[in-house]
Amino acid sequence: MPRFTALVLLLALLLSLTACGQAPAAPPAAEDPAPPAQEETPEAPEIEPEPEPVPYEILDPTVMPEGGGRDGAAYAPWDGIVEHLFFHPVVAYPELAFDGDAQADGIDDYMVTAGEFTKILQSVYDNGYVLVDIGDVWREDTGEDGQPHMVRNTLYLPEGKKPVVFSYDDTNYYPYMLENGFTYKLIIGDDGKIASWGKDPQGNEVVSRDLDAIPMLDKFVEEHPDFSPFGAKASLSLTGYCGILGYRTQTEKDDQSAEHEENRQREREAVKPIIEELKRTGWTFGSHTWGHINLAKKPLETVKADTEKWLDEVGSLVGQTPILYYPHGARPDGDDVHQTGPIFQYLHDQGFRVFASVGISSYSKIKGDISAVICDRLHPDGTTLRGSEKVLSWYEQFYDAREIIDLESRPKREVRWQ
Ligand SMILES: [Zn+2]
């Protein structure tokens, strides 16, 4: 099927990663990833000690009214397509990202700039979309056969509105990003809100809500509360091998020193209030595997070891999640649409129910032989902003790519539309 084409798998090139710090590097992070960030990150904000987060239930349809009115608005049932857009971290400083180094073209292909992201948000909003959480789209129910199956929820939306899910992949703040014009980590700002911390091209420390897609979406919803009638933001798709959200919470095969472990535990404590604040404000989490592994190529044993590590190092912080975002968009067992192979079965048995890839539409299918949903996501990024008329048509319900793309900031490369 076309959605499984090379176009999708090209996403692999950007973030095919193995280890953080010492070990093999990440394209386009290339040969020389930056050192782990512990030493150069700021002190964590002062925090009260918090209890271990408990796993949270995200398959909960009750956040939506069942038709009728609420708070003066009329709600109507929606059983149509729930659109799904996914983003990578956005480029805060194009002059660093697009400086002609080995990463520049990869970033051009797979990211949007903060300025482009602002325009996309405004256009998606202007086109009548409202944010819903991916965890509200389906639920698990017992079928007539007595077995659990996934079913689509009827969404009740403000009349005239259409639903869209946002997910952000690789919100880990990988070392290569720090030197290429991205923010470094999330923090809680003086106003108590999530902000990004990073450095501008001159090396000055910058705390901002305008340079990172997470606080930017928070801010947009503050200014346009009707964009998120149920409080949903985006689902953050996390790996574990470089820690999460800018905090180096990962184990390192090559550094089992007490010092590393102490540092790691400090980072784990430091990220907890960030996670709690994100959850409180509508953000949810999914797995992107610990090592950003290619599920189409790795044997089951590797997938098992990786999943255990994700649950141990990431799930223990963000809670269990039924959402799995395939790294590289790569589907396990050769095909997850027409068959259920051993890797898919294993991942299901670990609690995953929604398996998201990447494609040319917000395709989704409830599997009949196992309680699971597979779905595709559209990907606003350089490849699609530069795409042919046909590619642009996949996105025209959200925005006109011609009006979004910042050709001034981006590398001088081909644009396929007229
Ligand atoms: Zn990824």
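For the structure, check the block above.
Engineer: Describe the overall build of the protein, naming the residues involved and giving the relevant values.
Structural biologist: Scanning the protein for helices and strands turns up 13 helices and 17 strands. Split into buried and exposed, the 418 residues of the protein put 48% on the buried side. A separation of at least 24 residues holds for 71% of the contacts in the protein among residues at least 6 apart in sequence.

Engineer: Mind laying out unusual backbone geometry, listing which residues take part and the relevant values?
Structural biologist: For Asp-170, which is not glycine, the phi dihedral falls at a positive 60°. Mapped onto the fold, Asp-170 is located in the loop between strand E8 (162–169) and helix H6 (175–178). Although it is not a glycine, His-328 adopts a positive phi angle of roughly 60°. Tracing the backbone through its elements, the reader meets His-328 in the loop between strand E14 (323–325) and helix H10 (342–349).

Engineer: Explain helix H7 (residues 213–223) to me, using residue names and the numbers behind them.
Structural biologist: When we look at burial in H7, the residues that qualify are Ala-213, Ile-214, Pro-215, Leu-217, Asp-218, Phe-220 and Val-221. Where H7 is buried, its residues touch strand E3 (83–87), helix H5 (114–126), E8, strand E9 (185–188), strand E10 (194–199) and strand E12 (234–238).

Engineer: Requested: an account of H5, with residues and values cited.
Structural biologist: An α-helix turns once per 3.6 residues; consequently, residues spaced three or four apart project the same way. End to end, H5 covers 18 Å across 13 residues, agreeing with the expected 18 Å (1.5 Å per residue, within 8%). Buried residues along H5 sit against strand E4 (129–131), E8, H7 and helix H13 (401–404). Looking one or two residues beyond H5, the residue adopting positive phi is Gly-128, at roughly 90°.

Engineer: An account of the nonpolar core is requested, with residue identities and associated values reported.
Structural biologist: Counting 105 residues, the largest nonpolar core has Val-90 and Val-91 as its most contacted members. Excluding anything up to four places from it in sequence, Val-90 contacts Met-111, Val-112, Thr-113, Ala-114, Phe-117, Asp-212 and Ala-213.

Engineer: Describe the environment of Val-82, and please don't skip the residues or the numbers.
Structural biologist: Relative to the assigned elements, Val-82 resides in the loop between strand E2 (73–78) and E3. Val-82 sits in the buried class, given 21 other C-beta atoms within 10 Å. Spatially, the C-alpha atom of Val-82 lies 9.3 Å from that of Leu-155, the residues being 73 residues apart in sequence. In this structure, Val-82 is in contact with Val-132, Val-137, Pro-163, Val-165 and Ser-362, ignoring residues within four places of it in sequence.

Engineer: Requested: an account of the pairing of E12, with residues and values cited.
Structural biologist: Of all five residues making up E12, five are buried, and the element is well covered by its neighbours. On E12, burial covers both faces: Ala-234, Leu-236 and Leu-238 on one face and Ser-235 and Ser-237 on the other are all buried. One crossover worth recording links E12 to the parallel strand E13 (residues 284–287) by way of helix H8 (residues 258–280), and it is right-handed.

Reading guide: rules and limits
Residues numbered from 1 in each chain as written. Predicted model: local features only at pLDDT ≥ 70, side-chain atom pairs only at ≥ 80, totals over all residues. Helix = DSSP H or I, 4+ residues; strand = E, 2+ residues; numbered from the N terminus. Buried ≥ 20, exposed ≤ 12 C-beta atoms within 10 Å, placed from the backbone. Contact = placed C-beta atoms within 7 Å. Expected span 1.5 Å × (residues − 1). Core = buried A, V, L, I, M, F, W, Y, C linked by C-beta atoms within 7 Å. Right-handed = clockwise from strand over helix to strand, strands pointing away.

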